[in-house]
Amino acid sequence: LAKTTQPISMDSYEGQEVNITCSHNNIATNDYITWYQQFPSQGPRFIIQGYKTKVTNEVASLFIPADRKSSTLSLPRVSLSDTAVYYCLVGPTLFSGGYNKLIFGAGTRLAVHP
Amino acid sequence: EPEVTQTPSHQVTQMGQEVILRCVPISNHLYFYWYRQILGQKVEFLVSFYNNEISEKSEIFDDQFSVERPDGSNFTLKIRSTKLEDSAMYFCASASGTSTDTQYFGPGTRLTVL
């Protein structure tokens, strides 16, 4: 499975856009990029998933360059409630040859300040 | 919105005792998972379960662990003889596996082994 590298922590202020970049240099052809969010003492929550180019949903956008060796999660206009740990995960999905076990790294601890 | 539920929310047990952690996955989901998170550490994959059998397991999931889907709604994790190092949050997750493979996590069971 591809190893991922992301910042340990980030700080932001309410209303700002936050971009968290993840490096995954040895991503495989059948790997997808998935981001999860986790609040203290809660289970991880799916944010967004993509394979290439750009994906957008009601919560976030995911930018993936053509070489797929990195990806950027973009959170528009963060609020205090976005303070959480954000995980970048890379691996095959149920539809690309895996059983979709999720391998979590240490994640990025995002702190949003008033 | 359907959600994964887990009981109990907190379980305290003595070392060497057996514990059963219970999960009710989202109805009509076909893929089931257990993860654990030791306090302050990463979320770790334990096991995936599909079609009434284990599809993949990690090194953590040794002979003292077992999973079962005793009926159409419950999914359980049994630890036969608990150790101090089994103290952690245990998360159950499920995925549809049809139109999407997104894993939905439950709120977790905090297991404390004394």
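What comes next is a walk through the structure. Values in this document were obtained by computation on a predicted structure and should not be read as measured data. (Residues numbered from 1 in each chain as written. Chains lettered and ligands numbered in written order. Predicted model: local features only at pLDDT ≥ 70, side-chain atom pairs only at ≥ 80, totals over all residues. Heavy atoms only, no water.)

Turning our eyes to something else, we now look at the state of the cysteines. Applying the stated rule across the entire model yields two disulfides over all chains. Across the disulfide from C22 of chain A sits C88 of chain A; the S-S distance is 2.2 Å. What sets the handedness of the C22 of chain A and C88 of chain A disulfide is the S-S torsion sign, and at about -80 degrees it is left-handed. Taken together, the residues C22 of chain A in strand β2 (residues 18–23) and C88 of chain A in strand β8 (residues 84–92) connect sequence positions 66 residues apart. C22 of chain A sits in the buried class, given a relative accessible area of 0%. The buried category is assigned to C88 of chain A, whose relative accessible area is 0%. What pairs with C23 of chain B in a disulfide is C92 of chain B, and their sulfur atoms sit 2.0 Å apart. Handedness here is read from the sign of the S-S torsion; for C23 of chain B and C92 of chain B, about -60 degrees, the answer is left-handed. With a gap of 69 residues between them, C23 of chain B in strand β3 (residues 19–24) and C92 of chain B in strand β9 (residues 88–95) connect regions that are remote in the sequence. (Disulfide = S-S within 2.5 Å. Helix = DSSP H or I, 4+ residues; strand = E, 2+ residues; numbered from the N terminus. Buried < 20%, exposed > 50% of the residue type's maximum accessible area, 1.4 Å probe, protein only.)

This part takes up the sheet that holds strand β7 (residues 65–68) of chain B. All names here are of chain B. With antiparallel pairing, four strands are arranged side by side in an open sheet as β1-β3-β8-β7. At either end of the open sheet lies a strand with only one pairing partner, and these are β1 (5–7) and β7. Neighbour-to-neighbour, the strand axes of this sheet turn through a mean angle of 20 degrees, independent of strand direction. In this sheet, β3 lies alongside β1 in antiparallel orientation, the contact comprising three bridges. Bridge pairing in β3 places T5 opposite V24. (Pairing = 2+ DSSP bridges. Axes fitted to C-alpha atoms, helices over the stretch in contact; angles between N-to-C directions.)

Quick look at the sheet that holds strand β3 (residues 31–38) of chain A now. In any sheet, the strands associate via hydrogen bonds between backbone groups, in a parallel or an antiparallel arrangement. Residues and elements named next belong to chain A. On the basis of which strands lie adjacent, the open sheet formed by five strands has the order β1-β9-β8-β3-β4 and mixed pairing. A single partner strand is all that each edge strand has here, and the edge strands are β1 (9–13) and β4 (45–50). Taking each pair of neighbouring strands and ignoring which way they run, the sheet shows an average axis angle of 25 degrees. Bridge count for β3 against β4 is five bridges, and the pairing is antiparallel.

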